[in-house]
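In case you want the letters, here they are:
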Protein chains: 4
Amino acid sequence: MRLFRNDYSEGAAPEVLAALIATNDEQCVGYTEGDPHCEAARTLIAKACGRDDVAVEFAIGGTSTNLVCVNGMLHDWEGVICTPDAHINVHETGAVAATGRSVLPTRDADGFLSPAEAERVYRYQTGTGRHMTRPAMIYISNTTELGGVWSLERFDAICDWAASHDLKVFVDGARMASALTSPAAEGLTLEHLAARADAFYLGGTKNGLLFGEAVVIADPGLREAFPYLIKERGGLMAKGRLLGVQFEAAFTPDETGEAPYWRLARSANECAFRLREGLIALGFEAYGEAPSNQQFFALEPQVAQAFVDAAGCEVFQELPDGRLLTRFVCSWATTVADVDELLAFAKTL
Amino acid sequence: MRLFRNDYSEGAAPEVLAALIATNDEQCVGYTEGDPHCEAARTLIAKACGRDDVAVEFAIGGTSTNLVCVNGMLHDWEGVICTPDAHINVHETGAVAATGRSVLPTRDADGFLSPAEAERVYRYQTGTGRHMTRPAMIYISNTTELGGVWSLERFDAICDWAASHDLKVFVDGARMASALTSPAAEGLTLEHLAARADAFYLGGTKNGLLFGEAVVIADPGLREAFPYLIKERGGLMAKGRLLGVQFEAAFTPDETGEAPYWRLARSANECAFRLREGLIALGFEAYGEAPSNQQFFALEPQVAQAFVDAAGCEVFQELPDGRLLTRFVCSWATTVADVDELLAFAKTL
Amino acid sequence: MRLFRNDYSEGAAPEVLAALIATNDEQCVGYTEGDPHCEAARTLIAKACGRDDVAVEFAIGGTSTNLVCVNGMLHDWEGVICTPDAHINVHETGAVAATGRSVLPTRDADGFLSPAEAERVYRYQTGTGRHMTRPAMIYISNTTELGGVWSLERFDAICDWAASHDLKVFVDGARMASALTSPAAEGLTLEHLAARADAFYLGGTKNGLLFGEAVVIADPGLREAFPYLIKERGGLMAKGRLLGVQFEAAFTPDETGEAPYWRLARSANECAFRLREGLIALGFEAYGEAPSNQQFFALEPQVAQAFVDAAGCEVFQELPDGRLLTRFVCSWATTVADVDELLAFAKTL
Amino acid sequence: MRLFRNDYSEGAAPEVLAALIATNDEQCVGYTEGDPHCEAARTLIAKACGRDDVAVEFAIGGTSTNLVCVNGMLHDWEGVICTPDAHINVHETGAVAATGRSVLPTRDADGFLSPAEAERVYRYQTGTGRHMTRPAMIYISNTTELGGVWSLERFDAICDWAASHDLKVFVDGARMASALTSPAAEGLTLEHLAARADAFYLGGTKNGLLFGEAVVIADPGLREAFPYLIKERGGLMAKGRLLGVQFEAAFTPDETGEAPYWRLARSANECAFRLREGLIALGFEAYGEAPSNQQFFALEPQVAQAFVDAAGCEVFQELPDGRLLTRFVCSWATTVADVDELLAFAKTL
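The paragraphs below set out a description of the structure included in this document.

What counts as what
Residues numbered from 1 in each chain as written. Chains lettered and ligands numbered in written order. Predicted model: local features only at pLDDT ≥ 70, side-chain atom pairs only at ≥ 80, totals over all residues. Heavy atoms only, no water. Salt bridge = Lys/Arg side-chain N within 4 Å of Asp/Glu carboxyl O. Helix = DSSP H or I, 4+ residues; strand = E, 2+ residues; numbered from the N terminus. Buried < 20%, exposed > 50% of the residue type's maximum accessible area, 1.4 Å probe, protein only. Least-squares fit on C-alpha atoms with pLDDT ≥ 70 in both. Pairing = 2+ DSSP bridges.

## What to know about the pattern of salt bridges
Link 1 in the chain: Going through the model one piece at a time under the given rule, you end up with 100 salt bridges over all chains.
Link 2 in the chain: With a closest N to O distance of 3.1 Å, Asp76 of chain D and Arg233 of chain A form a salt bridge. Here Asp76 of chain D is found in the loop between α3 (62-73) and β2 (78-82), whereas its partner Arg233 of chain A is found in the loop between α10 (220-232) and α11 (241-251) on a different chain.
Link 3 in the chain: Residue classification places Asp76 of chain D among the buried positions, given a relative accessible area of 7%.
Link 4 in the chain: Exposure remark for Arg233 of chain A: the relative accessible area of 7% places this residue in the buried category.
Link 5 in the chain: Across the pair Asp340 of chain C and Arg274 of chain C runs a salt bridge whose closest N-O atoms are separated by 2.8 Å. Here Asp340 of chain C is found in helix α14 (residues 336-347), whereas its partner Arg274 of chain C is found in helix α12 (residues 260-281), with 66 residues between them in sequence.
Link 6 in the chain: For Asp340 of chain C, a relative accessible area of 31% translates into the label partly exposed.

Structure below.
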């Protein structure tokens, strides 16, 4: 049975792998600058964003992208407001602190940074002047850590709040493709996001690339900083064309006119929704709204263990009632048949 | 004409690319731990080193490897002695300083760290106690920045010196395969190197992998630190198996009993030697000893420019007499025919 | 009226100032090493701690001490568990993050780090291995930020917990003299503290010195690190003897056999207790237990403002019921007459 | 005999000590903001600089000042050009690297940063774009490490060079008073320096204060950064008024109309010149030009040792001919009688 552990279990999607093979023997200059594939990918992505005044840069993974962007958008004594479950706050081994910047978590429990909580943290941090880290940006994730999807209305509300306090907006888009192709986006488009965020990235690692994130930068400070910082922090690839080749393939429209980047994510989402509905129909209890490629269920321990063993699911935490919060992830590689096989297995539990 | 710009212009060597394709659909756990390919690569590399008491870790590139290793082997107030042209001293945008450690260059002009110069720096730095950065390790590169190859005797001499001062030894092996397969190694084997260095790495990016370096760690402190630091610094791949797959392919002996890792490097070296001899025979002046896959020539400006234009050569610096120090690099992809085509071109100049 | 703003409003206590004047014309070597006053102070403090196997070092202030000690006791990828109101978590402008280490706050609301909350954070942080900052020490303050005093029993409980998880113990003692001379210490002595903590400091700035903290270090790693780190972080005084002279004066027993360091703190405490009882007798509501030189009251806004205006009190926060948490601080310079003058003023409100 | 070891051997000059005593019982707000003495000192210093558009901040010592200013004037990936003997390059235990910035030394051997050498380093560092640390400021010291004094002409030349490359100018003024009162300043005034430097400091520690440096900041970025950075790096004094009181005393003109800050330095210089001439007259060989309060002589080892033993002189290094470079330092506390006593002793050698 295909595992539902995560969306980076497999290698590359066919289109991406084919592009790597096709270009393997080319001799290109290195470091993501000046080779035709990086330039083509840059153009495709900027066009998809509807802006010609942004820089498009490439990085090898989410942590590297986050630490470079947070570092480059903040002064040494400044901090970034985010939710407590934000990737930068918990799962990056202190990567932001390691660059000298501070992470300032709110108490938002649902993965969405709220203006009210952001305001509370902002007031607290600015109450005693130089004695506390000064907030200068917000960090949000789309999708959130719990698979949530930012709607247009919700996104505009937090951007408005940030603008009213002169804070920059950075969006971690490790799973941006899943978010923007979700019905729950309710009007939030890539163009709109690109128009409001000071920087964000379009994740490749979790959407069919071997690795790689494309960073879209409007912020002038980060535009200047990124080329240096990505090298200084060890994130600049010698064979930079690998990033260009993959993103070029992902953003080149296929015969239907849609880029694989969006098609792969839509496919993962649809499998996830089928899985969700199927499990609910079988009597399992979904946990929260997760209109994206990750689904969470509250399961009895022995049921959770059965899914862990058979489908590679991960248990996130123990809930207060003793049940286990269990995650199912679909990827571009997941098929309807894979989902149905899982559901058939679930029926036996 | 094939370019002689560098050894990371092409994609992956055929064996490596084939392995990536063959394993693309496998579902593996991430982060270089627990997947079968990383484990197989670890075993193959440790065996090649003749040690079962070292940790083998993986990184995505040279700068990332260097900054994690220097950071992990030094305390905050310590420094690393190296030559002035050391990669960590010049071409990593201050990556070591960015982790808070100091680089302490000697005045060695030939790329080889000498005991005499190391001693001078050591004495200078330790003369006033806490007021100066304390040296705690040495950094050497094999091959050196100028294509030099450490002989057994020279390597043992600097290791002896380091041991007598209780300094750790770290070897940057971005081009280690070229160095160890060179006749100029004069007895310096991987086993010997592994027996004396506290940490070193076997470069993949410049020897037929898409990317990747295998880090061999004896130092207990770095063994503990590396797994955390590589994540904290953004160098841990989600699809860690990509590193395992590639190094497994590179270190699995072929039908001749030799691992591609060594065969590819030997081929690059042989092309480089043919190129060197050919150019010398044509009356061009070689610059320094470079018994590896990089060759340096002192050329009149217009001749240098011709090689830049036609073969992608890089000019390193202007020499005092006005000639230009020009580099020719052969890779695993370079063929004898490629070299002969270059020599035919050279004849026309 | 004497202000009750804080315990660092005045200059130096008479004994300390006299010592500075008496030694002003001496010529001493610098940097806190080798001058007779630093050596004398070291000996006096080590003796008071009942240990001859600790290093005694000097620093200029609390933030400098905290950042050097946390940095020196942690690896780059490690973190320190503390309460959310810990000075290092809120009032040092991200000083610990600026050295690359992570602060890991619990949810303890009363200023005391509890084993239960520390355990929760420890489990959370160690649940996913390298992906999260590894806790390696605890930080507690005595007195706490809210004027609380650690009893022997409570201190032993958190030390036992830390020992059972192999975590180091660091005690911020900016107001240690007030804590150890408080009845609420219930048996916690300097000797006992010195026997169990890996490092702690005896604050001078808030107890009658112009400035200065004496750091007592048992931890071998920090013993090695401190002399270098204090210089690297800019905290080493050229005229180091100033620290020695002041701590020598503070720890030299007077005619009664008691060192001024303890006598000054006891005097501040007694004034604070008189103030507390007097205000309570006048019907004001004390906030929490604060058996030390800081007293907190929940006051109606206009009453709070009157104390701010007349006595320099500081308002800490607005309480849920709209009253203001207001702080009164007594120092070595506060007299019984000063307290009575304040109480007379309070009577008029 | 008075020692000639350095200019921070004694405590405070009489005027400064008197001010500390006179203000000891005042209650002041902390942290160098809002107390009358810091404000008065700020006004006096800004007026002496002839500018009302600069910020005047206070720090506790040279290393703290340097690391905060270099950090605050540079981005993470930038570096500072200086001479190889610059204090930040050698005697601060890697303090600048510890904040993540790079020090880029020239080969200037005389302590003066030259436009030619600065140009060479600038070209080298900017030759390969993002792969090398980008120079963004220059650091010079007045006086230099070898007691040299910048003349107006020389200062303007390096400032012109820096301006032509868009680099900021920072002047380490640990011994600025000695420099600006030296005849060798040849027209370089405080006003002129303040008009051209982006930031500099007026050292107090080595000119009659117990401790303290006054930092004059024109650079807008550093003006914003300094209040936060000085706290984040542990350099902000709780009893900030101590810095204000001392600088207020030092810059308040006495009955002759001259501020003690200048009078004390002139006195130290005059003693140093008398010492220099006296030793030369006795046949000792002066080393280099040192028209300030430090004097260097090349002495036979046994003679050097005699001065070390009797006068606390320090030996800087062994010269190629075996003689020892020996330093004599006069301070505000040195008298003509002290110098004559030393000369009488010298006669006996």
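Here the narrative resumes.
## Observations concerning the relation of the copies chain B and chain C
Link 1 in the chain: Each copy superposes on the other: chain B lies on chain C with an RMSD of 0.0 Å after a rotation of 180° and an axial shift of 0.0 Å. When the rotation and shift are considered jointly, the pair of chain copies conforms to a two-fold rotation axis.

## Here we look at unusual backbone geometry
Link 1 in the chain: Between Asn142 of chain B and the following residue, Thr143 of chain B, the backbone shows a cis peptide bond with an omega angle of 0°.
Link 2 in the chain: Tracing the sequence through the fold places Thr143 of chain B in the loop between β4 (134-141) and α7 (152-164).
Link 3 in the chain: Even without being a glycine, Glu186 of chain B presents a positive backbone phi close to 40°.
Link 4 in the chain: The topology assignment puts Glu186 of chain B in the loop between α8 (176-180) and α9 (190-196).
Link 5 in the chain: A positive phi angle, near 70°, is found at Tyr31 of chain D, a position not held by glycine.
Link 6 in the chain: Summarising the element assignment, Tyr31 of chain D is placed in the loop between α1 (14-22) and α2 (36-49).
Link 7 in the chain: The class for Tyr31 of chain D is buried, based on a relative accessible area of 18%.

## Section: the sheet that holds strand β9 (residues 294-299) of chain C
Residue and element names in this part refer to chain C.
Link 1 in the chain: In space, the four strands of this open sheet follow the order β8-β9-β11-β10, with antiparallel pairing throughout. With partners counted over all chains shown, the strands left at the sheet margins are β8 (285-286) and β10 (314-318), one partner each.
Link 2 in the chain: Bridge count for β10 against strand β11 (residues 324-329) is four bridges, and the pairing is antiparallel. Following the sheet pairing, Glu314 is matched in β11 by Arg327.

Function cannot be inferred from these measures alone, as they are strictly geometric.
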